[in-house]
Amino acid sequence: MRWVFRRFARGSDEIRDLDVYDVAFLAGGARRVAESAMVALNRRGLLVVHDARVRTVDGELPGHAVERRVLAFCGRTRSVEAVRADLQRSLEAYEIGRRLAAWGLVKGADRRVTRSGRRHLEAAGHNTSIPEYVLRGATSLLDAKARRPAGHTQAATHRPRPTPQRRSGHSKSSRLDVDSDGE
């Protein structure tokens with residue numbers, strides 16, 4: 001009798017319809033949700049990733065709360081790590097974890113994936129509409145040298161910042177920017 005009650009208390013074994021960020025949470029927690037949102041926005045042309053920094057691009061407002069949070073946080077240029085940290089602490093990520101816990105797919109304060117959650121994640125792995133970076137991670141995509149939005153063929157070029165000139169009374173010849181041929 002106790003077994004029946006536990007099974008009923010945990011919820012049914014039905015496979016629920018999960019969105020891409022629910023699957024990302026099951027696959028790697030709030031960090032994976034943040035990475036997946038940045039890659040999805042980049043592929044739709046709403047976010048540019050360059051040298052581990054992200055910048056928003058004008059475009060349509062996304063429909064998902066997680067993506068809106070990323071765009072709002074990245075009003076200007078931010079580091080990838082700052083975006084990850086912000087989204088991991090956000091109400092949007094908390095709500096995903098809370099909803100998955102209510103469905104019995106994660107448990108505990110650290111949101112460990114349950115057996116049912118692993119079954120849902122396995123089913124999502126067979127779903128061709130779930131991008132590979134959601135299931136396997138997107139760290140390599142976000143740490144790339146330059147990642148332009150989809151549709152742009154020219155890669156971003158790195159423009160080094162000009163170094164400030166020394167303001168001491170020394171002459172040009174005493175500076176460290178001597179040509180390689182010795183002049």
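Residues numbered from 1 in each chain as written. Predicted model: local features only at pLDDT ≥ 70, side-chain atom pairs only at ≥ 80, totals over all residues. Heavy atoms only, no water.

A.B. asks: Residue-level account of the overall build of the protein, with values.
C.D. replies: Per the secondary structure count, the protein includes 8 helices and 6 strands. Across the protein, helices and strands are ordered from the amino to the carboxyl terminus as α-α-β-β-α-β-α-α-β-β-α-α-α-β. Evaluated residue by residue, the protein yields a buried proportion of 31% over its 183 residues. Roughly 12,300 Å² of accessible area belongs to the protein as shown, and the carbon and sulfur atoms make up 50% of that amount. (Helix = DSSP H or I, 4+ residues; strand = E, 2+ residues; numbered from the N terminus. Buried < 20%, exposed > 50% of the residue type's maximum accessible area, 1.4 Å probe, protein only. Areas by Shrake-Rupley, 256 points an atom, 1.4 Å probe, with all protein chains shown as cover.)

A.B. asks: Describe the pattern of salt bridges, and please don't skip the residues or the numbers.
C.D. replies: If you walk through the whole model with that rule in mind, you get 12 salt bridges. Glu 60 is the salt-bridge partner of Arg 44, the closest N and O atoms lying 3.9 Å from each other. Taken together, the positions of Arg 44 in the loop between helix H2 (20–43) and strand E1 (47–50) and Glu 60 in the loop between strand E2 (53–56) and helix H3 (65–73) put the pair 16 residues apart, joining distant regions of the chain. The exposure class of Glu 60 is partly exposed, given its relative accessible area of 47%. Look at the salt bridges and you will find they share partners, linking Arg 31, Glu 35, Glu 81 and Arg 84 into a network. (Salt bridge = Lys/Arg side-chain N within 4 Å of Asp/Glu carboxyl O.)

A.B. asks: Give me the lowdown on the packing of H3 against helix H4 (residues 80–88), citing residues and values where you can.
C.D. replies: The N-to-C vectors of H3 and H4 enclose an angle of 130°; their axes lie 10 Å apart at closest approach. Relative to H4, H3 is oriented oblique. Relative to H4, H3 is oriented so that their crossing is right-handed. On H4, the residues touching Val 66, Arg 69, Val 70 and Phe 73 of H3 are Ala 82, Val 83, Asp 86 and Leu 87. (Axes fitted to C-alpha atoms, helices over the stretch in contact; angles between N-to-C directions. Parallel < 35°, antiparallel > 145°, perpendicular 65-115°, else oblique. Left-handed = near helix turned anticlockwise from the far one by under 90°. Contact = heavy atoms within 4.5 Å.)

A.B. asks: Kindly report on H2, identifying the contributing residues and their values.
C.D. replies: Helix length check: H2, at 24 residues, gives a terminal C-alpha distance of 15 Å against a target of 34 Å (1.5 Å per residue), a shortfall beyond 12%. Where H2 bends most, at Gly 28, the angle is about 130°. For H2, the buried fraction is high: 18 of the 24 residues fall into the buried class. Measuring from the side-chain oxygen of the N-cap residue of H2 to the backbone nitrogen of Tyr 21 gives 3.0 Å; that N-cap residue is Asp 19. (Expected span 1.5 Å × (residues − 1). Bend = angle between axes of the 7 residues up to and from the residue. Polar contact = N/O pair within 3.5 Å; in protein donor to acceptor, adjacent residues only side chain to side chain.)

A.B. asks: Any details on the confidence of the model for the protein? Residues and values, ideally.
C.D. replies: Per-residue pLDDT for the protein averages 76, and the proportion of residues at 70 or more is 68%. For the stretch residues 1–10, pLDDT sits under 50, and the model shows 3 contacts to residues farther than four places along the chain or on other chains. Considering only residues more than four positions removed or in separate chains, one finds that residues 152–183, a stretch of pLDDT under 50, has 14 contacts. (pLDDT = per-residue confidence, 0-100.)

A.B. asks: Can you explain unusual backbone geometry? Please cite residues and give values.
C.D. replies: Within the chain, Asp 51 stands out as a residue other than glycine whose phi angle is a positive 50°. Checked against the element boundaries, Asp 51 lands in the loop between E1 and E2. Residue Asp 51 is classed as partly exposed on the basis of its relative accessible area of 28%. Within the chain, Arg 111 stands out as a residue other than glycine whose phi angle is a positive 55°. Structurally, Arg 111 is set in the loop between strand E4 (106–107) and strand E5 (112–113).

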